[in-house]
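Reading the structure
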Amino acid sequence: MTTPVSPTAPGAPDEPVTGATAPRDFPIRRGCPFAAPAEYAAMRTDDPVARVTLPTKREAWVVTRYDDVRELLSDPRVSADIRRPGFPALGEGEQEAGARFRPFIRTDAPEHTRYRRMLLPAFTVRRVRAMRPAVQAQVDEILDGMLDTGGPVDFVTAYANAVSTSVICELLGIPPHNLEFFRDVTRISGSRNSTAEQVSEALGGLFGLLAELIAERREEPRDDLISKLVTDHLVPGNVTMDQLLSTLGITINAGRETTTSMIALSTLLLLERPELREELRRDPSLMPAAVDELLRVLSVADSIPLRVAAEDIELSGRTVPADDGVIALLAGANHDPEQFDDPERVDFHRTDNHHVAFGYGVHQCIGQHLARLELEVALETLVRRVPTLRLAGDRDRVAVKHDSATFGLEELMVTW
């Protein structure tokens, strides 16, 4: 539950935001899966840099205004290092396991820069554009399998997870023999309710698989990302085995989880808004703009940007003290009416859609071009080939993930 803002509290209209309301509980659940939590709108107006209590019982700050989110994520005085005591982890397991395994997205320069440069060549616009035919072939094969099975099916398992996991496995050179294995790893490691032991066990299973593949690529390199990283960085000693395992692990988890959530949630939205689906069917050229609008509206990575103030920083007239944790709320920024006209409206013709669904600054998602490609191909193919797709069962029974690092659907039963 959130704590209402007192009418006499600092931050009331015509008064600068200098004080703080009582800390509200965070995370805040979405009432509608296609929008930011309703409380974010009030926070942007009355308490844009708000004190919150996390599930760990620690306190931190959350930022909801578009300009503040971009300023925070580009400020060199803000750290992403998960080892800092003030890091605002949303679960004890995340904090402990993150400090042990050191995913590069939870590090600062120069360490973060080094890992990012290792991966960047695989995710350039040119490289991703060249992947389109292969991604289309994978999507068609997965959809063929779903259609052959017959409905009803769980769309998250049969299509969304299958597409995102198959694409990232193909890129890295991992045989996609068990797509649900990777989903289970992410489900456990990304849950706010998992213990450090559970997270470590899940990641240990993933690292065991990756270690075997790394050993194989040492002996017989192939045309895949694991071989490239082994040949160019592990063998020369630029990275250790543990560092390579951590880098590959976060690339898999981040690369498949957000895209799985986006494919499933976008499909649910299109099923509930048939006029939007028909618009895409009539004009497939709208798909790139539609994907960006869906990324903005759904903002599945809302609370992924966890940071610590390395120095005192000021946002919207409020000072976040050094060593305090602070979270940039991407859904808050992406629904800010000061930046987006009528932000709750889904508009595939929206111009100047400079959303922050992939974050902002030096930690902006390195795989964003690949994610866009997957979404474009997965949604266009679905709209074109399965015009009769519909929900199977009661809409109220759609299983939503509220306690995961990435917002999304646990299950979505469909038929056609």
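Going by the structure above, here's the rest.
Below or above, wherever it landed, is the structure these notes cover. (Residues numbered from 1 in each chain as written. Predicted model: local features only at pLDDT ≥ 70, side-chain atom pairs only at ≥ 80, totals over all residues. Heavy atoms only, no water.)

One pass over the structure, following the stated rule, counts 24 salt bridges. In this structure, the salt-bridge partner of R217 is D224, at a minimum N-O distance of 3.0 Å. For R296, the salt bridge is made with E293, and the minimal N-O distance between the two is 3.0 Å. Of this pair, R296 and E293 are both found in helix α13 (residues 287-298), three residues apart, which corresponds to roughly one turn of the helix. Residue R296 is classed as buried on the basis of its relative accessible area of 0%. On the basis of relative accessible area, E293 is assigned to the buried category, the value being 0%. Bridged by salt links that share partners, the residues R24, D47 and R318 form one connected network. (Salt bridge = Lys/Arg side-chain N within 4 Å of Asp/Glu carboxyl O. Helix = DSSP H or I, 4+ residues; strand = E, 2+ residues; numbered from the N terminus. Buried < 20%, exposed > 50% of the residue type's maximum accessible area, 1.4 Å probe, protein only.)

Turning our eyes to something else, we now look at a negative patch on the surface. Taken together, the side chains of D67, E71, E314 and E338 make up a negatively charged region of the molecular surface. Within the fold, E314 resides in strand β7 (residues 313-315). (Patch = residues over 30% accessible without salt bridge, like charges linked within 9 Å, V, L, I, M, F, W, Y side chains within 5 Å. Areas by Shrake-Rupley, 256 points an atom, 1.4 Å probe, with all protein chains shown as cover. Lys, Arg positive; Asp, Glu negative; His and termini not counted. Charge placed at Lys NZ, Arg CZ, Asp CG, Glu CD.)

This part covers helix α11 (residues 241-272). Along its 32 residues, α11 runs 47 Å from first to last C-alpha, staying within 8% of the 46 Å computed at 1.5 Å per residue. Within α11, 25 of the 32 residues are buried, leaving the element largely enclosed by the surrounding structure. (Expected span 1.5 Å × (residues − 1).)

Note on placement: L330 falls in helix α14 (residues 330-334). With residues up to four places along the chain from it excluded, the contact list for L330 reads V69, L73, S299, A301, D302, P305, V356, A357 and G359. (Contact = heavy atoms within 4.5 Å.)

Let us now look at the packing of aromatic side chains. Both the distance between ring centres and the angle between the ring planes are used here to describe each pair of aromatic rings. Scanning the model with the defined rule gives four aromatic pairs in all. Considering the side-chain rings of Y66 and F340, the 5.6 Å spacing of their centres and the 90 degrees angle between planes classify their relative orientation as edge-to-face. Here Y66, found in helix α2 (residues 66-73), pairs with F340, found in the loop between α14 and α15 (368-385); they are 274 residues apart in sequence, far enough to count as distant. Y66 gets classed as buried once you look at its relative accessible area, which sits at 3%. A relative accessible area of 1% means that F340 is categorised as buried. A ring pair is formed by F104 and Y115, whose centres lie 6.4 Å apart and whose planes are at 50 degrees; its orientation type is tilted. Linking F104 in the loop between α3 (92-101) and α4 (111-119) with Y115 in helix α4, this pair joins segments that are eleven residues apart in sequence. Comparing F104 with Y115, the two get one shared label, buried. In this structure, R30 is placed above the aromatic ring of F407, and the distance from its NZ or CZ to the ring centre is 4.2 Å. Its guanidinium or amino end placed over the ring of F340, R296 lies 5.2 Å from that ring's centre, counting from NZ or CZ. (Phe/Tyr/Trp six-rings, centres within 6.5 Å; stacked < 30°, edge-to-face > 60°. Lys NZ or Arg CZ within 6 Å of the ring centre and 35° of its normal.)

Here we take up the pairing of strand β9 (residues 325-328). Neither face of β9 is open: one carries G325 and I327, the other V326 and A328, and all of them are buried. Bridge count for strand β3 (residues 59-63) against β9 is three bridges, and the pairing is parallel. For W61, the partnering residue across the bridge sits in β9 and is V326. The pairing of strand β6 (residues 306-309) with β9 spans three bridges and is antiparallel. What sits directly across from R307, in β9, is V326. (Pairing = 2+ DSSP bridges.)

Before going further, it helps to examine the sheet that holds β3. The mixed open sheet is built from six strands, whose spatial order is β1-β2-β3-β9-β6-β4. Both outer strands of the open sheet, β1 (24-25) and β4 (78-79), are each paired with one neighbouring strand and no more.

So, on to the packing of helix α9 (residues 196-219) against α11. At a closest axis distance of 10 Å, the pairing of α9 and α11 adopts a crossing angle of 115 degrees. One way to sum up the angle between α9 and α11 is to call them roughly perpendicular. Considering only the axes of α9 and α11, their crossing is right-handed. Along its contact with α9, which presents L203, L206, F207, L210, A211 and I214, the element α11 presents M241, L244, L245, S246, L248, G249, I252 and N253. (Axes fitted to C-alpha atoms, helices over the stretch in contact; angles between N-to-C directions. Parallel < 35°, antiparallel > 145°, perpendicular 65-115°, else oblique. Left-handed = near helix turned anticlockwise from the far one by under 90°.)

Our focus in this paragraph is the packing of helix α7 (residues 155-172) against helix α8 (residues 179-189). Where α7 meets α8, the axes come as close as 9 Å, and the angle between the chain directions of the two elements is 90 degrees. With respect to their mutual orientation, α7 and α8 come out roughly perpendicular. Every residue of α8 that contacts α7 at V156, T157, N161, A162, T165, S166 and C169 is listed here: L179, E180, F182 and R183. Among the residues making up the contact of α7 with α8, the classes are represented as five nonpolar, four polar and two charged. (Nonpolar A, V, L, I, M, F, W, Y, C, P; charged D, E, K, R; others polar.)

Our next topic: the side chain of S164. Positionally, S164 belongs in helix α7. From its side chain, S164 meets the backbone oxygen of N161 in a polar contact 3.4 Å long. Within the structure, S164 has its side chain in polar contact with the backbone oxygen of R256 (distance 3.2 Å). If sequence neighbours within four positions are ignored, S164 has contacts with R256, T259, T260 and E374. (Polar contact = N/O pair within 3.5 Å; in protein donor to acceptor, adjacent residues only side chain to side chain.)

Read these as geometric descriptors, not functional statements.
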